[in-house]
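Observations on the model geometry
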Amino acid sequence: MGSTVRILLRSPKFLIGAIITLLMTAFVLIYPLINRADPFEMKALAFQPPSSELWLGSDNFGRDLFLELVYGIRTSVEIGLIAGLIATAIGLVIGLASGYVGRWVDNVLTALTNMFIVIPSFVILILISVSIDSRSAFIVALIIGLTSWPWTARAVRAQTVSLRNRDHVNLAKISGHSTFRIIVFEILPYIASYVFMAFILQVASGILAEASISMLGLGPYDTISLGTMMNWALIFAAPVSGAWWAFIPPALVIAVITFALFLINTGMDEIFNPKIRS
Amino acid sequence: MNAYTKYFVKKAGWYLATLIVALMLNFLLPRLIEGNPVSTIASQVSQGMTDSDSIKRVYENFAREFGIDKPLIVQFGIYLKNLLTGDLGTSFGLYPRKVSDILGSAVPWTVGLQLPAILVGWILGNVLGAVAAYRKGVFDKVLFPVALFINSIPFFTLAIMMLYLFGITLKWFPISGGYDYQMVPNLSLEFIWSVIRHHTLPFLSIVLVTIGGQAIGMREMAIYELNSDYVLYSKLLGIRDSRVARYVFRNAMLPQITGLALSLGTMIGGSLICEIVFSYPGIGTWLFTAIRQLDYPLISGCTLLIAVTVLLANFTVEIIYGIVDPRIKAAQMEEG
C-alpha cells in the first residue's frame, strides 16, 4: 500500500489532479466556518457585478454568488461521491457475480447490463426524477447512482473472467474455501486499483449528471448545487442580462473538478495498466 | 443463412428486447413510484379537486386518452395501441396541441443539429488522435492535455461559454432560437442564412466536446497498435511507413466504432442540454419547457423519443460494425 502511494506521487498527472481536488474540497469545507452567512440570504439587488463586497456579484435573487458557489461545490461533490459509491457498489457486486459465478447468472446479468448500457441512463434519470416530488440532494444522488452502474459492472466482469482460472484461485478452490471468501481474498485485491479508478470516473460523471438533470429543472429542491445555480441563471435570463458572473463560475468549476478527477484517473491508469505505460 | 444475416437477426432480436424494456420503463416508472404524476392526476380528476375548469378539462382528456382509471395491464395495452398509431396524447401546457405534433416539429431541428455535429466531431477527433499517436513529439504533448481538458468540459459548460463569448460579448452570432424570430420559415436564401447563423454556435460546441473525447480514445488505441508485434515486423520487412500507418489506423478504428455506439446515449443527452442553452427549437428545449410546466404527456413523449432514437442509432452503428469488422464474420462462420 505504502509503495503504491509512493509510485502514484511520482506521476505528475495524478499529483496535479489530487492537489486540485484536495485544495478545492478543503476550501469549500473551511470557508463556511469563517463566513457563517446563510447562502440563501438576499444581500443586494439582482445581478450586481462582482465587487470587493460580493466577490462574484449577486444572482437574480440578490444572493451572494461566491457563497452560493462554495455551497454549490459542496453539494455537487457530495452528490458525486454518494452516486459514485452506490454505482460502484452495485457494479462491483453484479460484475463479480456474473464474472465469477458464470453460467446462467452470468447470462442474466450480462443481458441486464447490456440493456442498461444502451437505454440512456439520462432518460431513466428524468423518468424517476419527474415522478418524485420533493427531491433532496441525497435522493438525487441515489437516483444517479442507481442508473449509472452498468459501465462498472461490465468492466469488473471482464476483469473477473480473466482472473477466474488463475492458479491461486484454483488453489483456493481446491483448499475448499467458500465462493465468498475466494472472491474477497483472491479476486478483489487484484481488481482493487481498477475499481478505484472506475469509482473516480463515476464520481466525475455523477457530478456531471447532477448538473445536467438540474439544468433541466429536476435538481435538488432545497439545496444549492452547481447545476441548480446554472438552472436559475438560465431561467432568469442571466446570459441575456450580461450577468456572466451568474453562470460562468459554476460552469468553469464543474469543468475544473471533472478535469482534476480525469487527471487522477489517467495518472493511475498509466501506472497500473502496463499496456499504455510509456 | 449466411454469416451476416445471422449477425443481423441476432442483433435485431436483441434490440427488440431492449426496446420492450425501454417502453416498459417509460410506462411503469411514472406510474409506480410513490407520488407519481399519473396517479396524482387521476385522483384529482376523480375527486373533482382541480382549481379551474380549464385544468379539469385538460386532465379529464388525459384520463380518457390513457384510461388511467383502468387496471395497469389494460393501461399498458392502451399505451401500446396509442404508440402504434403514433398518438402520444395531448400536451397539458399547450392544450389542445398533440404531443406528436410538437415532437414532429422539433425533430428536424434536433437531427439537423446533432447528427452532423456528432459525426464531424467523431471523424475529426479520430484523425487528430491518430496523428497525435503517430507524430508524437510536440504535437502530441500539446494536443493531449488540451483534448483531456476539453473532454472534461461538459457540453453545456462549453455551450454557455461560447454563448457568452461569441453571442453576447462579440455579437458574432445570434444567441437564441433556430432562426430570426421575425421571419416566417420559407426557402429564401435569407431564411437559410439565418438558420445557418443560429446553427453555428450549438453545432461548434457539440463538435468541440466530441473531438476531445474521441481524440483521447483514438490516441490510446493507436499507441497500443503501434507497439504491437505486427507493426515491428512490418517495419523490419521494410514496408513503407505510410502503409503501416494505414494498417494501424484501420485496426485502431474498430474499437472506436464500438465506442461511438456506447457513448451515443451520453452524447445525445449532452447535446439536448446544449439546445436548452441556445433555446434551440429541438427536443431538448421542449423537454425543458415541459418540465417547467409539469406537462407530463410531453415529458413522457420526449423521453420515449430519446430512448427509441438512441436505440436505433446504436443498432445502426452495430450493423455497420458487423460489416466493417472481418472478425465478426469469422466468428459467425465458426459457430454455424
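Positions within a chain are numbered from 1, following the residues in the order the chain's sequence is written. Written order determines the labels here, with chains lettered from A and ligands numbered from 1. Local features in this predicted model are restricted to residues of pLDDT 70 or higher, and side-chain atom pairs are both shown and tallied only at a pLDDT of 80 or more, whereas totals for entire chains, interfaces and linings draw on every residue.

1. So, the overall build of chain B
- A run of H or I in DSSP becomes a helix once it reaches four residues, and a run of E becomes a strand once it reaches two; helices and strands are each numbered from the N terminus. Secondary structure summary: chain B contains 13 helices and 0 strands in total.
- Listing the helices and strands of chain B from first to last along the sequence gives α-α-α-α-α-α-α-α-α-α-α-α-α.
- Across its three principal axes, chain B shows a C-alpha extent of roughly 85 × 60 × 40 Å.
- Exposed residues have 12 or fewer other C-beta atoms within 10 Å of their own C-beta, buried residues have 20 or more, and partly exposed residues fall in between, where C-beta atoms are placed from the backbone. By the burial criterion, 40% of the 336 residues in chain B qualify as buried.
- Nonlocal contacts in chain B, meaning residues at least 24 apart in sequence, comprise 71% of its contacts between residues at least 6 apart. By the convention adopted here, residues are in contact when the distance between their C-beta atoms, placed from the backbone, does not exceed 7 Å.

2. Some remarks on the overall build of chain A
- A tally of regular secondary structure across chain A gives 11 helices and 0 strands.
- Helices and strands in chain A line up, N terminus first, as α-α-α-α-α-α-α-α-α-α-α.
- For chain A, the spread of C-alpha atoms along the three principal axes comes to 75 × 45 × 30 Å.
- Counting every position in chain A, which comprises 278 residues, the buried fraction comes to 51%.

3. What about the UniProt feature "domain: ABC transmembrane type-1" (unreviewed entry) in chain A?
- Feature annotation in UniProt assigns "domain: ABC transmembrane type-1" (unreviewed entry) to the following positions: residues 73-265 of chain A.
- Each end of residues 73-265 of chain A is marked by a C-alpha atom, and these two atoms are 20 Å apart; helix forms 80% of the span and strand 0%. UniProt positions are given in the numbering used here, feature names are shortened, and annotations may be inferred rather than shown by experiment.

4. Remarks on the interface of chain B and chain A
- Each partner contributes to the interface: chain B provides 44 residues, whereas chain A provides 37 residues.
- Elements supplying a minimum of two residues to the side of chain B that touches chain A: α1 (3-32), α6 (137-152), α7 (155-169), α8 (189-226), α10 (241-277), α11 (283-292) and α12 (296-324) of chain B.
- In the side of chain B that touches chain A, the residues fall into 32 nonpolar, 10 polar and 2 charged. Three categories are distinguished: nonpolar for Ala, Val, Leu, Ile, Met, Phe, Trp, Tyr, Cys and Pro, charged for Asp, Glu, Lys and Arg, and polar for the others, with Gly belonging to the last.

5. So, the packing of helix α10 (residues 226-235) of chain A against helix α11 (residues 248-272) of chain A
All names here are of chain A.
- Every axis in this analysis is a line fitted to C-alpha atoms, fitted for helices over the stretch in contact. Angles between the N-to-C directions lie between 0 and 180 degrees. At a minimum axis separation of 9 Å, α10 and α11 run at an interaxial angle of 150°. By the angle between their axes, α10 is roughly antiparallel relative to α11. At the point where α10 passes α11, the crossing takes the left-handed sense. Here α10 contributes Leu226, Met229 and Met230 to the contact with α11, which in turn contributes Pro250, Ala251, Val253 and Ile254. Any angle that falls under 35 degrees is termed roughly parallel, while one over 145 is termed roughly antiparallel, one within 65 to 115 roughly perpendicular, and all others oblique. Crossing chirality is assigned from the near helix's rotation relative to the far helix, an anticlockwise turn below a right angle marking it left-handed and a clockwise turn marking it right-handed.

6. Here we look at unusual backbone geometry
Residue and element names in this part refer to chain B.
- Positive phi values are uncommon outside glycine, yet Lys171 reaches one of about 55°.
- Since 9 C-beta atoms lie within 10 Å of it, Lys171 is described here as exposed.
- Despite not being glycine, Ser279 shows a phi value in the positive range, around 45°.
- Counting through the fold element by element, Ser279 comes out in the loop between α10 and α11.

7. Things to note about the UniProt feature "domain: ABC transmembrane type-1" (unreviewed entry) in chain B
- Sites flagged by UniProt as "domain: ABC transmembrane type-1" (unreviewed entry) map to residues 107-317 of chain B.
- Structurally, residues 107-317 of chain B is divided into 83% helix and 0% strand, and its ends, taken at the C-alpha atoms, are 20 Å apart.

8. Some words on the confidence of the model for chain B
Residue and element names in this part refer to chain B.
- Mean pLDDT for chain B: 81, with 92% of residues reaching 70 or above.
- Of all helices and strands in chain B, the one with the weakest mean pLDDT is helix α13 (residues 326-335) (66), whereas α11 scores best (88).
- Prediction confidence for the complex, expressed as pTM and ipTM, is 0.86 and 0.81 respectively. pLDDT is a residue-level measure of predictor confidence that goes from 0 to 100.

9. Some remarks on the nonpolar core
- We define the nonpolar core as any set of buried residues of the types Ala, Val, Leu, Ile, Met, Phe, Trp, Tyr and Cys, connected via C-beta atoms lying within 7 Å of each other. Core analysis: the biggest nonpolar cluster contains 168 residues, and Ala159 and Leu287 of chain B have the highest contact counts within it.
- Here this core gets 17 residues from one element, more than from any other, and that element is helix α9 (residues 179-215) of chain A.
- These domain limits were set by an automatic method or by a database of domain assignments. Domain assignment of the residues forming this core places at least three in each of domain 1 (1-93 + 294-336) and domain 2 (101-292) of chain B.
- Apart from the residues within four sequence positions on either side, Leu287 of chain B is in contact with Leu216 of chain A together with Leu272, Ile299 and Cys302 of chain B.

10. Brief notes about the UniProt feature "transmembrane region" (unreviewed entry) in chain B
All names here are of chain B.
- Residues annotated by UniProt as "transmembrane region" (unreviewed entry) correspond here to residues 12-29, 113-134, 146-171, 191-211, 257-278 and 298-324.
- Its end C-alpha atoms 29 Å apart, residues 257-278 is made of 95% helix and 0% strand.
- For residues 298-324, the end-to-end C-alpha separation is 39 Å, with 100% helix and 0% strand making up the annotated structure.

11. Considering the packing of α9 of chain A against α10 of chain A
All names here are of chain A.
- At a minimum axis distance of 7 Å, the contact between α9 and α10 shows a crossing angle of 30°. Classed by the angle they form, the pair α9 and α10 counts as roughly parallel. Relative to α10, the crossing made by α9 is right-handed. On α10, the residues that touch Glu210, Ala211, Ile213, Ser214 and Met215 of α9 are Leu226, Gly227, Thr228, Met230, Asn231 and Leu234.
- Within the contact of α9 with α10, the residues separate by chemical class into 6 nonpolar, 4 polar and 1 charged.

12. Quick word on the domain arrangement of chain B
Residue and element names in this part refer to chain B.
- Each domain of chain B was delimited in the assignment, giving domain 1 (1-93 + 294-336) and domain 2 (101-292).
- On a C-alpha basis, the centroid separation for the pair domain 1 and domain 2 is 28 Å.
- If you look at the interface, domain 1 gives 19 residues, while domain 2 gives 16 residues.
- Along the lines of polarity and charge, the residues of the side of domain 1 that touches domain 2 split into 11 nonpolar, 5 polar and 3 charged.

13. Considering the UniProt feature "transmembrane region" (unreviewed entry) in chain A
Residues and elements named next belong to chain A.
- In this structure's numbering, the residues bearing the UniProt feature "transmembrane region" (unreviewed entry) are residues 14-34, 79-102, 108-130, 137-156, 187-209 and 244-264.
- Annotated as 100% helix and 0% strand, the span residues 14-34 places its first and last C-alpha atoms 30 Å apart.
- Split by type, residues 244-264 is 81% helix and 0% strand. Its first and last C-alpha atoms lie 30 Å apart.

14. Some points on helix α5 (residues 121-131) of chain A
- Among the 11 residues in α5 of chain A, 11 count as buried, and that is most of the element.
- Along α5 of chain A, the positions that sit buried rather than exposed are Ser121, Phe122, Val123, Ile124, Leu125, Ile126, Leu127, Ile128, Ser129, Val130 and Ser131 of chain A.

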